[in-house]
Amino acid sequence: MSDEDHDSAPADAAPSEGQERPLRYVEKRRERLRVPLLLITPDIVHLAELAAALPAPERERFQRIFHVSACVGVLNPPETMQQWIEGYFGSVEAVREQRIVKVTNMVTMEGALFNDLRARRPMEARAVSDAVKEARTRIGDPFCWPEKATPEDVFGRVRGRHSITASNIAKYDGFHGLVVFHEHDPLAFDADEVADYVETAYRWALAAHEVDAEAQYFFFMWNCLWKAAASILHGHAQMTVTRGMHYAKVEALRRAALAYRQEWGCNYFDDLYAAHADLGLAFERDGVRVVAYLTPVKERETLLLADGLSPALKRALYDTLACFRDWMGVESFNVAMLMPPLAETDEDWSGFPVMVRAVDRGDPVNRTGDIGGMELYAANVIGTDPFFVAEQLKEAFLA
Ligand SMILES: [Zn+2]
């Protein structure tokens, strides 16, 4: 995604006499918009003003967590590009001056850069690809016969209503398992199946902890399709249980939340939710707090916060993924679930919720990676307006 706006010269601006570009099949090709670019300005562009307009206590809470700065990037296109720019972006003015909003979470030091031009394309249609459709139904992989084609753990297999566990053949950690879905197609999930996948993973973690009392930090992940780093397409999730301390990013979050409580005397996660809810970016259903995150790791990142691994949380995970899949055209996503350890530890985990993070990894037919140097080493470049994501989630959840 990061380079997409640099790579494709407009055909009508620079006619190349039928000369084919060598990377034609791997580069994203520019097509004219089927509908004109929305003339509305995405709300994220006004984030600083929206926060400044909050009543003082809410504004102060927002500012305890987020730093927002904005600027305008200016360019001068040549005459020969103008027709193409109008076709693609609606007007030359829209491109000439681009508003950029930089948001930094001062507690966790996560950062995002939003460009109004990118965020104005909320529903840019992703081509429904026959290759993806075909891949989704191509059965015959090892996960189609998990009991014959995958190893089991030292404690055997955990069986769910719609899934069975396997031991991962090349492990990330001492305990690294898979929830292999009975359903091959990774996008053909329903609410009962999603709940079962999470429950089965958790029961697997308890079984691992039973074998090794030191193994107490559970992590759940679901990588859907190759863009999200799934090497086998057949529907599956993964889980680990680690020892000694939690994984670096989870431990960093625990420490950041603890430091926040020590400095401000309040729970970071409660304030994080409230800061989003004050702006219309979060809402609650059945005790689960749903957040369209202001410093997302990548597109459409949604956070779910709950006091425990409740049925309402599992349902909220399904509704989030169904909203991604059915309303926003997402085919490839990552889900992560973080929670306090399975047993008491020396660290202070008080006030740390069960947290689910779900993120869109982009169009599976676009071979460009969505994470580049900016995301790895600077801040995340985001093309989706969190206000738009919040609207979609609200409609999907509260419908
Ligand atoms: Zn399969």
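Please read these numbers as outputs of a predicted model, since none were measured by experiment.

### Examining empty space enclosed by the protein
Next, step 1: Applying the stated criterion across every chain yields a total of two cavities of 30 Å³ or more.
Next, step 2: Space inside the largest cavity adds up to approximately 90 Å³.
Next, step 3: What lines the largest cavity is a set of 13 residues, and nearest its centre among them are Ala257, Leu258, Arg261, Ser350 and Gly351.
Next, step 4: The element contributing the most residues to the lining of the largest cavity is helix α9 (residues 248–264), with four residues.
Next, step 5: Approximately 40 Å³ is the volume found for the second largest cavity.
Next, step 6: Lining the second largest cavity are Ala292, Tyr293, Pro296, Arg300, Glu301, Ile382, Thr384, Asp385, Pro386 and Val389.

### So, the packing of aromatic side chains
Next, step 1: Taken as a whole and assessed by the stated rule, the structure comprises 19 aromatic pairs.
Next, step 2: Pairing phenylalanine 189 with tyrosine 318 gives two aromatic rings, centres 6.3 Å apart and planes at 85°, and the pair type is edge-to-face. Linking phenylalanine 189 in the loop between β5 (175–181) and α8 (191–211) with tyrosine 318 in helix α11 (residues 311–327), this pair joins segments that are 129 residues apart in sequence. Each member of the pair, phenylalanine 189 as well as tyrosine 318, carries the same accessibility label: buried.
Next, step 3: Arginine 254 extends its terminal NZ or CZ atom over the ring of tryptophan 349, reaching a point 5.6 Å from the ring centre.
Next, step 4: Directly above the aromatic system of phenylalanine 189 lies the positively charged group of arginine 325, at a separation of 4.3 Å from the ring centroid.

Calculation rules
- Residues numbered from 1 in each chain as written.
- Predicted model: local features only at pLDDT ≥ 70, side-chain atom pairs only at ≥ 80, totals over all residues.
- Heavy atoms only, no water.
- 1 Å grid on protein atoms, 1.4 Å probe; cavity = no way out; pocket = protein on both sides within 12 Å on 5 of 7 lines; lining within 4 Å.
- Points joined across faces, edges and corners; volume = space filled by probe spheres on them.
- Helix = DSSP H or I, 4+ residues; strand = E, 2+ residues; numbered from the N terminus.
- Phe/Tyr/Trp six-rings, centres within 6.5 Å; stacked < 30°, edge-to-face > 60°.
- Buried < 20%, exposed > 50% of the residue type's maximum accessible area, 1.4 Å probe, protein only.
- Lys NZ or Arg CZ within 6 Å of the ring centre and 35° of its normal.

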